[in-house]
2 protein chains.
Amino acid sequence: MSQKNANSGYKGHALEVIRKAHAEIGDVVRITKQNEVYEGILIPRSEYGDQKHIIIKMKSGYNVGVKITPTTKIEKIGEGAKPAFVAPPQPKQDETLPKVTILSTGGTIASRVDYRTGGVRPALTAGDLYSVVPELSHIARIDAQILFSLFSENIQATHWTQTAKTVAEQISAGIDGVVVAHGTDTMAYTAAALSFALQNLPVPVVLVGSQRSADRPSSDAATNLVGAVTVAAKAPFAEVVLAMHETPSDTAIAVHRGTKVRKCHTSRRDTFKSVNASPIARVQDQKIIMQTDDYKKRNAENKLILKPEFDEKVALIKFYPSMNPEIIEWYLEKGYKGLILEGTGLGHVSKNCYEPLKEAIENDVVVGMCSQCIWGRVNMNVYDTGRDLQALGVVSLEDMLSETALVKLMWIFGQTSDPEEAKKLLKTNIVGELSPRTLPDTLSNE
Amino acid sequence: MSQKNANSGYKGHALEVIRKAHAEIGDVVRITKQNEVYEGILIPRSEYGDQKHIIIKMKSGYNVGVKITPTTKIEKIGEGAKPAFVAPPQPKQDETLPKVTILSTGGTIASRVDYRTGGVRPALTAGDLYSVVPELSHIARIDAQILFSLFSENIQATHWTQTAKTVAEQISAGIDGVVVAHGTDTMAYTAAALSFALQNLPVPVVLVGSQRSADRPSSDAATNLVGAVTVAAKAPFAEVVLAMHETPSDTAIAVHRGTKVRKCHTSRRDTFKSVNASPIARVQDQKIIMQTDDYKKRNAENKLILKPEFDEKVALIKFYPSMNPEIIEWYLEKGYKGLILEGTGLGHVSKNCYEPLKEAIENDVVVGMCSQCIWGRVNMNVYDTGRDLQALGVVSLEDMLSETALVKLMWIFGQTSDPEEAKKLLKTNIVGELSPRTLPDTLSNE
């Protein structure tokens, strides 16, 4: 048995069948069962996989799990393109173009090579990129770096810190813009995190991902990358933004403010939407069309303020009927410093949460209220419930997304340990996350 | 000091000022501070309120909290319309019309009288309704009952049970349709709950609410009520549905399936949206326009199956970066039977959740996966993470809303204590909550 198969993730019956066929990961195999035939490249199996399926990558680009039964036949019909791990030659770079660094953190957009051979190779070099998206070399001089190789559901606050620091290094080195390639699952959380960690930016920082891997005909990777690099190289603004398909078709890219964006569909290419805000810009045919006047201008003179620390002792609680209020006590016991409530409607939770919230707040836990409605603005002055919660010390977070509020409070406790200061910062708009209503001091819309 | 002021919620300085003016709740007062003057009806204060504000209801219908300073003057300028609590005379009912029962559970739609006087009077009699919405008497013969008077954030599983039982009684009594008036905050959760609790319905059960109280010019209460009563009286379908404004304007009502609807805006009148489904119908000019052929037909012969029990030992966990996986262990220790994960993207959580999830599942906790994207379908066959989670025993809940999945699992454990049976039911479409994709047995889109 080759070393490859040992690490292939296959075990038991499936491994036995593969071994008998003298096949290895990357080989082309044919699987015959009754009157069905499947051909494709043998790819590795998840370590938690069962012993009954073999996974092959078909010509269509789709992966298929074929169930092995006693009558299933498997034969090796070709040597696979074994991972070469040799970068193609780099094109000559045009010295007049802006310099853009692409930092790869993982995700579908950085996983093209894995899919071709089945080998896990999350690398993303400038050469790789140029070979997939040749037009990039006409937009910018690109330097690509692998920061880490993670599905984005595994990205945590420590990775936000590391990413922010690396972006800051690139900016000190005089780059004209930074692109961060990222899995789409938690890309909006990271966008919010970088927005708080990287203030007074001289150049844009653009998060980009892909909903379909680059080896599938419907992939959005190339269009998204071109859009993101265009923004990093040329945009008139200098903020943390997220660039992805604007519609299900391939015509335009929407550029969303990092604190105002949310993933709103499991699979559509236009999954990201600006919430309670318009996108900052659109990119069409490599042209940037601004959608608002309200943005921070690109200015090479701006001195970056790097504040990359986050404190993980902050939790998000989505409220629901019959929720156990003891969960609030549990977080208090665990030493949590902040809680973001995703309440109902205008910002409500049930009465039986009042006492544990009171206790938490009296013990210096900062509690903020957002709405699980997602769209609209929390208004805790309309009903008794909201007024009661405010009287307990719950902070109304206006039109802030709950995900952004969570990240912001983690970031705040990376800067201060004073709960009063934390509360003040939470209510203050720092990087476009909150647009407060202007009401005369003595008036509240009760 | 009158008994009224004792229960007014005012205390300290605010109470003193009110007492000095010899004003009572319901009186018309004028508050003068520097060059600002406010006039309106004095209304009660939340028990958690501060001592610095007095709340009055202005002519505009808005409530205003005025801050009391040492120079603030307050005077009583009129006797308020004290709550009469006398129902207006009932109109003569047309005996040829269908019979509809309106069950009031509370919320803005049932709070009209409170707002007029500030007195808490959540009553909703047929007489009240006819006086506000006279056209109702031309649509149906209405009987109105107060079930409870709760802001919907305080509605719990026990209230779902009670509501389902009362609906069943009304149906046994031969009613042609039931309307449930409900606060909008958790109305979608209740709609899902009643969908599972009331199966094989002979007539429609229609939830309705209002985003603006009936005494405000922009109120949606009348339009929504007319729409809901029209559906209850005449609709060709017999399902649990939710009827609310279709757009911000007043032209039409959308009728959503109870398991497929979500509150998506904190304040807009068209806040409810069907997710991963089209609305069942629209109501325009009291006409019902069907939007789908896929519905359960109204049929007086149908024998209602009442299954009103729910088990509260089920929790919803919204995943986020740096979430503490110990929360899963806590629920296991607390004897929870089911967990619904609101994962990222296609249905993912971070790797450090695997061990606690494995332990929970080995201890017979049923774990289902939905997506925090809200729109789209969970697909746990695309990435390693999803396959790993399935291998651990996490159940993929396809296109089911997380809120519906939570309610469904509470309902399932009201019917069975067998985790295998529970898992089977969770994956089975019962009342339109799930539309499974049809894939050949041996194929998965990996």
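As a starting point, this report considers the structure included with it. As the structure is a computational prediction, the values presented were derived from the model and not from experiment.

1. Quick look at the overall build of chain A
Here's step 1: The secondary structure content of chain A amounts to 12 helices and 21 strands.
Here's step 2: Residue burial in chain A is summarised as follows: out of 446 residues, 54% are buried.
Here's step 3: The contacts in chain A between residues at least 6 apart in sequence include a share of 72% that link residues at least 24 apart.

2. A closer look at the sheet that holds strand S16 (residues 287-290) of chain B
Residues and elements named next belong to chain B.
Here's step 1: With mixed pairing, the eight strands of this open sheet are ordered in space as S7-S6-S8-S10-S11-S12-S15-S16. Lying at the two open borders of the sheet, with one neighbouring strand each, are strand S7 (141-146) and S16. For this sheet, the mean inter-axis angle between neighbouring strands, taken without regard to orientation, is 25°.
Here's step 2: Note: strand S12 (residues 253-257) against strand S15 (residues 281-284), three bridges, orientation antiparallel. Of the residues in S15, the one forming a bridge with Ala 254 is Arg 282.
Here's step 3: Docked against the sheet, helix H7 (residues 221-234) engages strand S6 (99-104), S7, strand S8 (177-181), strand S10 (205-208), strand S11 (240-245), S12, S15 and S16, running at close to 150° with respect to S11.

3. Some remarks on unusual backbone geometry
Residue and element names in this part refer to chain A.
Here's step 1: Positive phi values are uncommon outside glycine, yet Asn 276 reaches one of about 60°.
Here's step 2: One can find Asn 276 in the loop between strand S14 (272-274) and strand S15 (281-284).
Here's step 3: A positive phi angle is found at Gln 286, which is not glycine, with a value near 60°.
Here's step 4: Turning to its location among the elements, Gln 286 is positioned in the loop between S15 and strand S16 (287-290).

4. Examining the environment of Ile 361 of chain B
Residues and elements named next belong to chain B.
Here's step 1: Mapping Ile 361 onto the fold places it in helix H9 (residues 354-362).
Here's step 2: With 29 residues separating them along the chain, Ile 361 and Leu 332 place their C-alpha atoms 9.3 Å apart.
Here's step 3: Excluding residues that lie within four positions of it along the chain, Ile 361 makes contacts with Val 367, Leu 392 and Gly 393.

5. Thoughts on the interface of chain B and chain A
Reports often express the size of an interface as the amount of accessible area lost when the parts come together.
Here's step 1: Taken together, the contacts link 67 residues of chain B with 67 residues of chain A.
Here's step 2: Of all the secondary-structure elements, those providing two or more residues to the side of chain B that touches chain A are strand S4 (63-67), strand S18 (314-318), helix H10 (384-392) and helix H11 (402-415) of chain B.
Here's step 3: When residues in the side of chain B that touches chain A are grouped by element, the largest group, six residues, is from H10 of chain B.
Here's step 4: Here the side of chain B that touches chain A is composed, by residue class, of 26 nonpolar, 25 polar and 16 charged.

The rules behind the values
Residues numbered from 1 in each chain as written. Chains lettered and ligands numbered in written order. Predicted model: local features only at pLDDT ≥ 70, side-chain atom pairs only at ≥ 80, totals over all residues. Helix = DSSP H or I, 4+ residues; strand = E, 2+ residues; numbered from the N terminus. Buried ≥ 20, exposed ≤ 12 C-beta atoms within 10 Å, placed from the backbone. Contact = placed C-beta atoms within 7 Å. Pairing = 2+ DSSP bridges. Axes fitted to C-alpha atoms, helices over the stretch in contact; angles between N-to-C directions. Nonpolar A, V, L, I, M, F, W, Y, C, P; charged D, E, K, R; others polar.

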